[in-house]
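Given next are the chains, with one letter for each unit.
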Amino acid sequence: MIPRILIVSDNSDARSKGLAARLERRGAVVATVPLAAIAFDTGSPSGLSIPGFDGALPDAVLVRSIAAGSFEAVTRRLGVLHAFASLSIPVWNSAQAIERCVDKSMTTFLLKNAGLPTPPTFAVEGFAMAEAVARRELPLTPLVLKPLFGAQGRGIRLIETLSDLPAEDEVDGVYYLQHYVPRPGPPYRDFRVFVCAGEVLAMMSRRGDDWITNVNRGAVPELVSGHGETELAALARAAAAAISADFAGVDIVPAADGKLFVLEVNSMPAWSGLQSVVAVNIADSIADALLKFLADRPVDRSEGAATRPYRLTAPANS
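If you're wondering where the values come from, they're calculated on a predicted model, not measured in any experiment.

Scanning the chain from N- to C-terminus turns up eight helices and 15 strands. Its C-alpha atoms give the chain a radius of gyration of 21 Å, within 12% of the compact-globule value 20 Å for 318 residues. Each principal axis of the C-alpha atoms in the chain carries an extent, and together these give about 65 × 45 × 30 Å. Looking at the chain as a whole, 48% of its 318 residues are labelled buried. Across the chain, the fraction of contacts at a sequence separation of at least 24, relative to all contacts at a separation of at least 6, is 65%. Carbon and sulfur atoms provide 54% of the accessible area of the chain, an area that totals close to 14,800 Å². Charged side chains of the chain number 30 positive and 34 negative; the gap between the two group centres comes to 5 Å.

Confidence in the prediction for the chain averages 89 pLDDT; 91% of positions are at 70 or higher. Across the chain, element-level confidence peaks in helix H5 (residues 127–137) with a mean pLDDT of 98 and bottoms out in helix H1 (residues 14–25) with 90. Overall, residues 302–318 carries pLDDT values under 50, and its contacts beyond four positions in sequence, including any with other chains, amount to 34 contacts.

This brings us to the sheet that holds strand S15 (residues 260–266). The antiparallel open sheet is built from five strands, whose spatial order is S13-S12-S11-S14-S15. Each edge of the open sheet is held by one strand with a lone partner, namely strand S13 (220–223) and S15. When the angles between neighbouring strand axes are averaged without regard to direction, this sheet yields 30 degrees. Relative to S13, strand S12 (residues 199–208) runs antiparallel, the two being bridged by four bridges. Bridge pairing links serine 205 to glutamate 222 in S13. Lying on the sheet, helix H6 (residues 229–243) is in contact with strand S11 (188–196), S12, strand S14 (247–254) and S15; it crosses S15 at an angle near 45 degrees.

Strand order across the open sheet formed by four strands is S7-S10-S8-S9, with antiparallel pairing between neighbours. The open sheet terminates on both sides in strands that have one partner only, identified here as strand S7 (121–125) and strand S9 (157–159). In this sheet, neighbouring strand axes are inclined to one another by 30 degrees on average, regardless of whether the strands run parallel or antiparallel. Both strand S8 (residues 143–146) and strand S10 (residues 174–179) contribute to a ladder of four bridges, which runs antiparallel.

Membership of the largest hydrophobic core comes to 26 residues, with the highest contact counts inside it found for Ile5, Leu23, Leu62, Trp271, Leu274 and Ile286. If you list the elements that add at least two residues to this core, you get strand S1 (4–8), H1, strand S5 (60–63), S11, S12 and helix H8 (282–295). Looking at this core element by element, the count peaks at eight residues for H8. Setting aside anything within four residues of it in sequence, one finds leucine 274 in contact with Phe194, Ala202, Met203, Met204 and Ile282.

Cut-offs used in this document
- Residues numbered from 1 in each chain as written.
- Predicted model: local features only at pLDDT ≥ 70, side-chain atom pairs only at ≥ 80, totals over all residues.
- Heavy atoms only, no water.
- Helix = DSSP H or I, 4+ residues; strand = E, 2+ residues; numbered from the N terminus.
- Rg over C-alpha atoms; globule rule 2.2 N^0.38 Å.
- Buried < 20%, exposed > 50% of the residue type's maximum accessible area, 1.4 Å probe, protein only.
- Contact = heavy atoms within 4.5 Å.
- Areas by Shrake-Rupley, 256 points an atom, 1.4 Å probe, with all protein chains shown as cover.
- Lys, Arg positive; Asp, Glu negative; His and termini not counted.
- Charge placed at Lys NZ, Arg CZ, Asp CG, Glu CD.
- pLDDT = per-residue confidence, 0-100.
- Pairing = 2+ DSSP bridges.
- Axes fitted to C-alpha atoms, helices over the stretch in contact; angles between N-to-C directions.
- Core = buried A, V, L, I, M, F, W, Y, C linked by side-chain atoms within 4.5 Å.

Okay, here's the thing in structure tokens:
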């Protein structure tokens, strides 16, 4: 049985194309479709209409990106992913995992409840509540203000005095405030660890003159070697498990005293910077992990048929 894989991506970028090519090389049939193009359709046997599938359903869904949109549009798109799950179709990552990662307050809540080291964090509504938090915490440490929904370091501010707090209309009334983790610099460093199917595929450090060490802000990716790899790997695996992510990029920052803190878990991570410094091919590893998952999970939707594993072919030599 040849596996049919749906890659959900709003951009025909190199990573999505690379994933599709590697899955096809291993014998899968692949279609790449924007989530916005998948419709709820009660006239369809499954209740969904998917371009390129001629009324059929995929055997697995791999989510690479979800485009920004109105609250209604994003709710509907996540509803499509929930619908796939209700039809017993594996979704990497699930709508639940994506929702948990997109909402930084829920990410932090789950990390803390899993016993993982993460900086003290407060997510409140309204300037008065934010001011009360800042008045109480600023004598102890500066605070980092982050957009609740944001990525790649955009919109992050350092709050050192009460006057640094922005007005409500600048943050849609929601203040996510986190203790700043003091560390030596410049240059500043943090770590990105890529986890897939419970295993660490690769990791890098990011070095930059800015305390916000995102590669898209000029930080330089570097290979991680020597002491600390084992602790980084253990923290990243535990963080991905706390969010229930099938694959994830986990951001970890070292404090000045060497203690590690998990900051974020990214459910739709980019990996071009990471790929530039590691030998393992990340797209190959994701493709292998997903197809192994399907091969180990007997599925046959034909009525009355006995279940059987998927038949995979060996990848062609590159």
